[in-house]
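Tertiary structure, described
So you can see what is in the structure, the chains are spelled out below.
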Amino acid sequence: MSGLKLFSIGEQSLEEIITSRAEREGYLQDLIEANMQKLLGVRFLATEYSTGPRHRGRIDSLGLDENGAPVIIEYKRERGVNVISQGLFYLSWLVDHRGEFQLLVRERLGKEAASQVLWSAPRVICIAENFTRYDLHAVHEMGRTIDLVTYRCFGDSLLTLETVASVQEPGSARRPAKRPARPAAPTSGELAEGPLAALRERLHEMLLALGEDTQQVKRQTYDAYRRLRNFACVVNTRRDAIVMYLKASPDEFELVDGFSRDVRGIGHHGTGDLEVRLRSRADLERADEMIRRSYEVA
């Protein structure tokens, strides 16, 4: 159990707000499904989704994350007994029923979203009051993309979510691979070799170093860096500058023409309302506070 304590500040005193578990699993599930995109960065698709008479199961929640990856969410009001096994059981079903899932996405989110489902990185998010140290160890041995999230209720009006483990499926390494001495010519989605390539690698290392829960998700037009939600998206089709979109609010920073701008309401690749353009190490250093703030709020 987390050692987090919450206090209400009075004029001359503090009053502790006592933690409690959700009254029932359904309450927790309803609350998260109604606010899924805000809490988890996942677009809601279905609740209590039946896997059919042969499989005989019901997936608590189905969704699609910010990068188009399918997401299964399972809840337990108390300790997460069996919740991980259930999530993996349903994940196997999902991978075998891609057409059914894409039809669901098309019905709920439209044809374009259905055509861009990212099957290379399906996810399971398990939400429970607590997990054991055996759970935390086991998810690193399973070879799947899994997030373990604990919740705590404080009084009737406060909820906390804390990611206690975040594991990425093998094949999407967190650390950059060593570049060959003489790399092949870049494809249309890669930056040419030179100062920008070195700067991009430095940015990649910097983003991953923010925390052990940071994961990289590769898409055709951008690389996303996420915790539960994306905090940075680096566009990989520009050659004159490295363009990055961040989760931090543009209102928190003084924007500089040619370096940063507010892109709320402007279509772009990836997610984030704050655009930053990097052309040098000095630009990267100047963006450091924006990047760290984006990591904090993701």
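In short, a report on the structure. (Residues numbered from 1 in each chain as written. Predicted model: local features only at pLDDT ≥ 70, side-chain atom pairs only at ≥ 80, totals over all residues. Heavy atoms only, no water.)

1. Structural notes on the environment of serine 50
- Inspection of the secondary structure assignment puts serine 50 in strand 4 (residues 42–50).
- Between the C-alpha atoms of serine 50 and isoleucine 84, which are 34 residues apart in sequence, the distance is 18 Å.
- Excluding residues within four positions of it along the chain, serine 50 makes contact with Gly57, Arg58 and Glu100.
- At 3.2 Å, the side chain of serine 50 forms a polar contact with the backbone nitrogen of glycine 52. (Helix = DSSP H or I, 4+ residues; strand = E, 2+ residues; numbered from the N terminus. Contact = heavy atoms within 4.5 Å. Polar contact = N/O pair within 3.5 Å; in protein donor to acceptor, adjacent residues only side chain to side chain.)

2. Describing the state of the cysteines
- For the structure on display, the rule yields 0 disulfides.
- The thiol of cysteine 126 is unpaired, and the distance to the nearest cysteine sulfur, on cysteine 153, comes to 18 Å. (Disulfide = S-S within 2.5 Å.)

3. Topic: the nonpolar core
- Core analysis: the largest hydrophobic core is formed by 30 residues, its most contacted members being Leu62, Ile84, Phe101, Val105 and Leu148.
- For this core, the elements supplying multiple residues, two or more each, are strand 4, strand 5 (58–65), helix 4 (83–96), helix 5 (98–109), helix 6 (111–115), strand 7 (123–130), strand 8 (145–154) and strand 9 (158–167).
- Counting residues per element, this core draws most heavily on helix 4, at 7 residues.
- Here phenylalanine 101 is in contact with Leu45, Leu62, Gly63, Leu64, Pro70, Leu94, Val117 and Trp119, once residues within four sequence places are set aside.
- If you look at the next biggest cluster of nonpolar residues, it comprises 25 residues, including Leu203, Leu210, Met244 and Ala287. (Core = buried A, V, L, I, M, F, W, Y, C linked by side-chain atoms within 4.5 Å. Buried < 20%, exposed > 50% of the residue type's maximum accessible area, 1.4 Å probe, protein only.)

4. Re the sheet that holds strand 11 (residues 222–226)
- Sheet architecture is open: 6 strands sit in the order 10-11-12-13-15-14, paired in antiparallel fashion. The sheet is open, and its two borders are formed by strand 10 (215–218) and strand 14 (260–262), each paired with just one other strand. For this sheet, the mean inter-axis angle between neighbouring strands, taken without regard to orientation, is 20°.
- Alignment of strand 10 against strand 11, held across 4 bridges, turns out to be antiparallel. Note that in strand 11 the partner of valine 217 across the bridge is alanine 224.
- In the packing of helix 8 (residues 195–208) onto the sheet, the strands contacted are strand 10, strand 11, strand 12 (230–235), strand 13 (242–246) and strand 15 (274–278), and the crossing angle to strand 12 comes to about 170°.
- Lying over the sheet, helix 10 (residues 288–297) contacts strand 12, strand 13, strand 14 and strand 15, oriented at roughly 40° with respect to strand 13. (Pairing = 2+ DSSP bridges. Axes fitted to C-alpha atoms, helices over the stretch in contact; angles between N-to-C directions.)

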